[in-house]
Amino acid sequence: MAWMSGMAIHQLVFYFTYSGLTDRYPHLLGLSMPWPVLHGPFLFLYVSAMTQEKPLRVRQVLPHFIPFLMLTVLAIPFYLLSGEEKIVVVAANGKGYEWYILIHQALILMTGLGYVAWSLIRIHRHRSKIKQWFSNAEKVNLRWLEYLSIGLGCIWLLVLFFDDWIIFTGVVVFVLFIGVFGINQLPIFYSHPDIVKNSLHPDPPSFDDFVTPTPETDKDIVRYAKSGLKESEANDLHIRLTRLMEEKDYYKRNDITLADLAAILDTHPNYLSQVINEKEQKNFYQYIHFFRVRAFIQAARLDEKKHYTLLALAYDCGFNSKSTFNKYFKAYTGKSPSEYFSE
């Protein structure tokens with residue numbers, strides 16, 4: 001909401017110039033100068049709010065607005081000019097304020113492209129993290145937010161080559177994109193209260209304390225160097241987890257999460273993730289898909305299931321997309337489903 005409000009104000013100030021209102025009220029000139037450097041930080045903070053385990057704190061947010069405050073303070077000499085003097089400066093293409101123009105352009109490019117790159121990196125890391133939490137990652141992989149970040153980067157490229165009319169038309173499309181995809185999107189981690197459940201240990205570590213494994217890499221398992229989970233506790237939790245997965249079909253729930261299993265086992269999700277990583281040599285995402293593939297193979301061999309399609313059986317076992325099913329079936333069997341059952 002804060003970001004969209006900022007974009008609305010920025011668009012409104014641009015309209016003052018586009019409509020000629022600044023010619024009648026020259027004191028409005030220059031109001032838009034600091035606003036472009038807000039969008040990069042807002043994008044990054046939005047991405048951070050979506051991907052962090054805990055809500056953002058004020059001290060995490062404020063430093064990102066230093067460029068905006070800097071441009072605002074540096075523009076005070078211009079703001080103090082009379083309306084007639086402002087018109088003269090604008091007509092002379094900023095004569096006498098060349099230093100400000102250079103700083104302004106440098107900060108726009110730095111905050112624009114820099115924050116876009118930073119946001120894309122954070123989204124990439126997020127995709128590694130969610131496989132420690134969720135059994136189906138398609139709905140929480142923030143693909144749309146990746147496109148949003150790339151879109152903002154394209155707008156900054158428009159700034160380099162096109163006039164304001166083209167740029168702000170792009171901004172309108174950008175705002176509509178946020179409206180369609182982002183308004184109903186909840187923060188992924190701290191919107192789930194079970195994720196911060198604390199029943200077994202008084203101060204369980206955060207995932208930020210651990211080294212996050214790269215996606216789909218079994219060898220790069222989290223080491224949990226700062227974990228307080230004792231070996232005996234880990235073994236007990238692993239036994240209870242294995243019994244639960246063998247006796248119950250929780251993995252068939254399409255939306256099962258690490259927090260769900262942790263609540264059932266009365267432990268903290270981070271400790272459960274540690275046990276899965278260390279004892280099973282898998283992340284949670286891979287662990288659940290192993291059971292789904294196994295259940296699928298067992299179901300496909302039953303005579304009473306012969307009238308089902310392979311995809312229908314896959315959905316019944318907890319998969320929610322054909323591509324994910326094919327990918328993990330081949331990962332665990334070395335063959336595609338059709339090849340496996342044609343033998």
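Further up the page is the structure itself.
Residues numbered from 1 in each chain as written. Predicted model: local features only at pLDDT ≥ 70, side-chain atom pairs only at ≥ 80, totals over all residues. Heavy atoms only, no water.

This next bit is on the pattern of salt bridges. Tallied over the entire structure, the rule returns eight salt bridges. Residue D236 pairs with R240 through a salt bridge whose shortest N-O separation is 3.2 Å. Of this pair, D236 and R240 both sit in helix α11 (residues 231-247), four residues apart, which is roughly one turn of the helix. Looking at D236, the relative accessible area reads 41%, which means it is partly exposed. Under the relative-accessibility criterion, R240 is labelled partly exposed at 27%. Notably, a salt bridge pairs D249 with K252, separated by 3.9 Å at the nearest N-O pair. On the basis of relative accessible area, D249 is assigned to the partly exposed category, the value being 43%. Through salt bridges that share partners, R127, R143 and E146 make up one connected network. (Salt bridge = Lys/Arg side-chain N within 4 Å of Asp/Glu carboxyl O. Helix = DSSP H or I, 4+ residues; strand = E, 2+ residues; numbered from the N terminus. Buried < 20%, exposed > 50% of the residue type's maximum accessible area, 1.4 Å probe, protein only.)

Before going further, it helps to spend a moment on the environment of F177. Mapped onto the elements of the fold, F177 is located in helix α10 (residues 164-182). Each C-alpha atom, one on F177 and one on L148, is 7.6 Å from the other, the two residues being 29 residues apart in sequence.

Another point: a nonpolar patch on the surface. A cluster of nonpolar side chains, contributed by L12, Y15, Y18, L109, L113, L157, F161, F162, W165 and I166, occupies part of the molecular surface with about 1,000 Å² of accessible area. Within the residue set of the nonpolar patch, elements represented by two or more residues are α1 (2-18), α8 (98-130), α9 (143-161) and α10. With three residues, α1 is the single largest residue contributor to the nonpolar patch. In this structure, F162 sits in the loop between α9 and α10. Here F162 falls in the partly exposed class, since its relative accessible area comes to 45%. (Patch = residues over 30% accessible without salt bridge, like charges linked within 9 Å, V, L, I, M, F, W, Y side chains within 5 Å. Areas by Shrake-Rupley, 256 points an atom, 1.4 Å probe, with all protein chains shown as cover.)

None of the figures reported here should be taken as evidence of function without further support.
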